[in-house]
Amino acid sequence: MINELDRNDVNRIQELENNFNYVLKDIKNDFLNNPFSHYLLFSKDKKIVGYINYYLLYDRIEIANFDVLKDYQNQGIGTKLLDYLIDAYSNRVNNITLEVRCDNAKAIGLYKKMKFEIVATRKGYYNGVDGILMERRMMGMKDIYVLGIESSCDETSFSIVKNGCEEIATVISSQIDIHKDFGGVVPEIASRAHVKNVTFVLEECLRKAKMTMDDIDMVAVANGPGLIGSLLVGLESAKTICWLYHKPLIPVHHIAGHIYANNLVKRLSFPLICLVISGGHTELVYMEKDYSFEKLGSTLDDAVGECFDKVGKVLGVDYPAGPTIDKMAHSGSHTYSLPIPLNDDSYNFSFSGLKSAVINLVHNEKMRGNAINKEDLATSFQDVVIDVLTKKTLKAINDKNVHNLILAGGVSANKGIRERFEYLCQSRNINYTFPEIKYCTDNAAMVAAAGYYAYLDGRKADFSLNAYSNMELK
Ligand code: KG4
Ligand code: ZN
């Protein structure tokens, strides 16, 4: 009888270790803590007489150990175990590889019979004896399903994304209505709302995807930057899921998430410049390849989204004000004169001066008894923001000699910003991608997409992973 060793079956784990104690020492540690490690067991006469220890590395399998007890050899048990493994994974992985001593003719013969081919020789690999690397090609590539978790601020969100680019299901529970009355996000209320929502949002996401946790390959979580109490709820949920279901844990920088929202629209082309514009960030980022981030500049004070929200406050607009100002700006004219902030040759931004200029203008007009034309002020303000964002982004594109631009973050939903960038890119032959409007603001689809590339970049975490309110993008 052949079956997989169950991680909860303490007795069988112990029996395996005892029966093969000449090669297997303390397998518990590796097996219980390494979600990639698997044991296929062959049982006969009510005991384990053979096994294959293999690592399932998403799109391929590496056989680490393979043995049959002496008294049970030459009975075809090895062939049956290999056959079983090949059958079970024939259309799920690209290949199975293993390493064998060059003087072990019997094993090499068996592998050849099972259609393994010699792909390389490793000189002197086994204490002077050559090692032979063998590969068996399989039918196909396994799709990788990442469960993403986002709880950095006031959205509790779970999403399942296939291969970093295809969204399967996303659920976003927004707390905007709770925080509206306070004119901004109240951290403690946000944390409590996450705790309340988190399990329901996960359940709804799996239901929407028609999947169970067995279909999920790994869990990606935004562990910073953001509100620390909020982040911790998402992080602990991720750890709990990974611990319960033996899934790898992938940490994702929140801004990397925003950037990879573009990958759900179109595969990123490199090298590229990304303008990150959100409630907490304003940054120009250069990416030479996937998951490689070079920050060229950032805001010296307020983030652009924060500036939209504060200007909205003096105009009597509900939080978050960005979308409403955007709408108002489209029905007004540029009549008010406002300063262009940090209008220099650097890649940095500054928005607090612009914010103060708007507040002062409203105040002064009020003192003079003049009415403010809110639409005109919104247009004037948004025009200045667009001018400075486009000027610095185009400079970065020229300086770095790139032809690909992407936008990221909540403010990239802004219609005026998108229209201006579209026009500028088209007239300069620059490829551009913007995130879908619904994935400009915080969501877990972007985290799951980024998580796939973080995994490819080798960024797996263990359970000591922490959350950080401030965190560099690197
Ligand atoms: O990315 P996000 O959801 O949160 C952070 O990571 O900070 O961005 C939220 C910000 C808010 O400040 C909101 O006012 C702004 O994005 N925003 C907009 C628009 N839609 C959302 N700002 C300008 N125009 C919009 N259409
Ligand atoms: Zn965000």
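Starting afresh in each chain, residues are numbered from 1 along the sequence in its written order. Written order determines the labels here, with chains lettered from A and ligands numbered from 1. Local features in this predicted model are restricted to residues of pLDDT 70 or higher, and side-chain atom pairs are both shown and tallied only at a pLDDT of 80 or more, whereas totals for entire chains, interfaces and linings draw on every residue. With hydrogens and water stripped out, all remaining heavy atoms of the structure feed into the side-chain values.

### Quick look at the site of ligand 1
Right, so step 1: Around ligand 1, the surrounding shell holds 19 residues, and the nearest of these are Gly-279, Gly-280, Asp-309, Gly-410 and Asn-414.
Right, so step 2: Pairing of N or O atoms within 3.5 Å defines a polar contact, subject to two protein rules: one partner must be a possible hydrogen donor and the other a possible acceptor, and residues neighboring in sequence count only if both atoms are side-chain atoms. His-258 is positioned with one of its side-chain polar atoms (N or O) 3.0 Å from an oxygen atom of ligand 1.
Right, so step 3: Here Gly-305 contributes a backbone N or O atom positioned 3.2 Å from an oxygen atom of ligand 1.
Right, so step 4: What sets the accessible areas is the Shrake-Rupley method with a 1.4 Å probe; for residues, cover comes only from the shown protein chains. Here ligand 1, which alone exposes 550 Å², has 89% of that area covered by the protein.
Right, so step 5: Mapped by element, the contributors of at least two residues to the shell around ligand 1 are α8 (254-260), α9 (304-314) and α10 (322-329).
Right, so step 6: Residue polarity is assigned by list, with Asp, Glu, Lys and Arg as charged and Ala, Val, Leu, Ile, Met, Phe, Trp, Tyr, Cys and Pro as nonpolar; anything else, Gly included, falls into the polar class. In the shell around ligand 1, the residues fall into 5 nonpolar, 11 polar and 3 charged. Throughout this document, a residue counts as near a molecule or strand when at least one of its heavy atoms sits within 4 Å of that molecule or strand. Helix and strand assignments follow DSSP, with helices taken as H or I runs no shorter than four residues and strands as E runs no shorter than two, numbered in order from the N terminus.

### Quick look at the packing of aromatic side chains
Right, so step 1: Only Phe, Tyr and Trp rings are paired, with Trp represented by its six-membered ring, and only when their centres lie within 6.5 Å; those with planes under 30 degrees apart are stacked, over 60 edge-to-face, the remainder tilted. The final tally for this structure, using the stated rule, is 17 aromatic pairs.
Right, so step 2: Relative to Tyr-51, the ring of Phe-20 has its centre 4.8 Å away and its plane inclined at 75°; by these criteria the two rings are edge-to-face. Of this pair, Phe-20 sits in the loop between α1 (10-19) and α2 (27-33) while Tyr-51 sits in strand β3 (residues 47-56); the two residues are 31 residues apart in sequence, bridging distant segments of the chain.
Right, so step 3: Overall, Phe-20 belongs to the buried group, its relative accessible area being 0%.
Right, so step 4: Relative to Tyr-51, the ring of Tyr-39 has its centre 6.0 Å away and its plane inclined at 45°; by these criteria the two rings are tilted. Residue Tyr-39 is found in strand β2 (residues 37-44), and its partner Tyr-51 is found in strand β3; the two are separated by 12 residues along the sequence. A simple rule labels every residue: compare its accessible area, found with a 1.4 Å probe on the protein chains alone, to the largest value its type can have, and call it buried under 20%, exposed over 50%, or partly exposed in between.

### A short note on helix α6 (residues 187-209)
At 3.6 residues per turn, the α-helix brings residues three or four places apart onto the same side.
Right, so step 1: With 23 residues, α6 ought to run about 33 Å at 1.5 Å a step, and its terminal C-alpha atoms sit 31 Å apart, in line with that.
Right, so step 2: Where α6 bends most, at Asn-197, the angle is about 45°.
Right, so step 3: Here α6 has its buried residues at Ala-190, Ser-191, Ala-193, His-194, Asn-197, Val-198, Val-201, Leu-202, Cys-205, Leu-206 and Ala-209.
Right, so step 4: Contacts: residue pairs with any heavy atoms within 4.5 Å of one another. For α6, the secondary structure elements touched by its buried residues are β8 (145-150), β9 (155-162), β10 (166-174), α5 (176-179) and α7 (228-245).
Right, so step 5: Among the residues trailing α6, Lys-210 stands out with phi positive, at a value near 55°. In a helix, the anticipated span is given by 1.5 Å times the number of residues less one. Here the bend at a residue is taken as the angle between two axes, fitted respectively to the seven residues that end there and the seven that start there.

### Some remarks on the packing of α9 against helix α12 (residues 374-399)
Right, so step 1: Lines are fitted to the C-alpha atoms to define the axes, a helix being fitted only along its stretch in contact, and any angle between axes, read from their N-to-C directions, falls within 0 to 180 degrees. Packing of α9 against α12 leaves a shortest axis separation of 12 Å and a crossing angle of 170°. With respect to α12, the axis of α9 lies roughly antiparallel. The residues of α12 that touch α9, namely those facing Val-304, Cys-307, Phe-308 and Val-311, are Phe-381, Gln-382 and Val-385.
Right, so step 2: Residues that form the contact of α9 with α12 fall into these classes: 6 nonpolar, 1 polar and no charged. In these notes the angle categories are as follows: under 35 degrees is roughly parallel, over 145 is roughly antiparallel, 65 to 115 is roughly perpendicular, and the rest is oblique.

### Topic: helix α14 (residues 444-456)
Right, so step 1: Its 13 residues place the ends of α14 19 Å apart at the C-alpha level, agreeing with the 18 Å of an ideal helix rising 1.5 Å per residue.
Right, so step 2: Among the 13 residues in α14, 12 count as buried, and that is most of the element.
Right, so step 3: Residues of α14 that are buried sit in contact with β8, β9, β10, β11 (218-224), β12 (249-253) and α8.
Right, so step 4: Sitting at the head of α14, Asn-443 places a side-chain oxygen 3.0 Å from the backbone nitrogen of Ala-445.
Right, so step 5: Looking one or two places after α14, you find Gly-458, whose phi comes out positive at around 80°.

### Considerations on empty space enclosed by the protein
Right, so step 1: Of the grid points, spaced at 1 Å and generated over the protein atoms alone, those admitting a 1.4 Å probe that cannot get out make up cavities, while open sets with protein on both sides within 12 Å along at least five of seven lines make up pockets; any residue with an atom within 4 Å of a point is treated as lining. Grid points are joined across faces, edges and corners, and a volume is the space filled by probe spheres set on the points. Tallying each qualifying case throughout the model produces 1 cavity of 30 Å³ or more.
Right, so step 2: By volume, the largest cavity is sized at about 70 Å³.
Right, so step 3: Every residue lining the largest cavity is listed: Lys-266, Arg-267, Leu-268, Ser-269, Leu-272, Asn-404, Leu-405, Ile-406, Asn-431, Tyr-432 and Thr-433.
Right, so step 4: Taken together, the elements giving at least two residues each to the lining of the largest cavity come down to β16 (404-408) and β17 (431-433).

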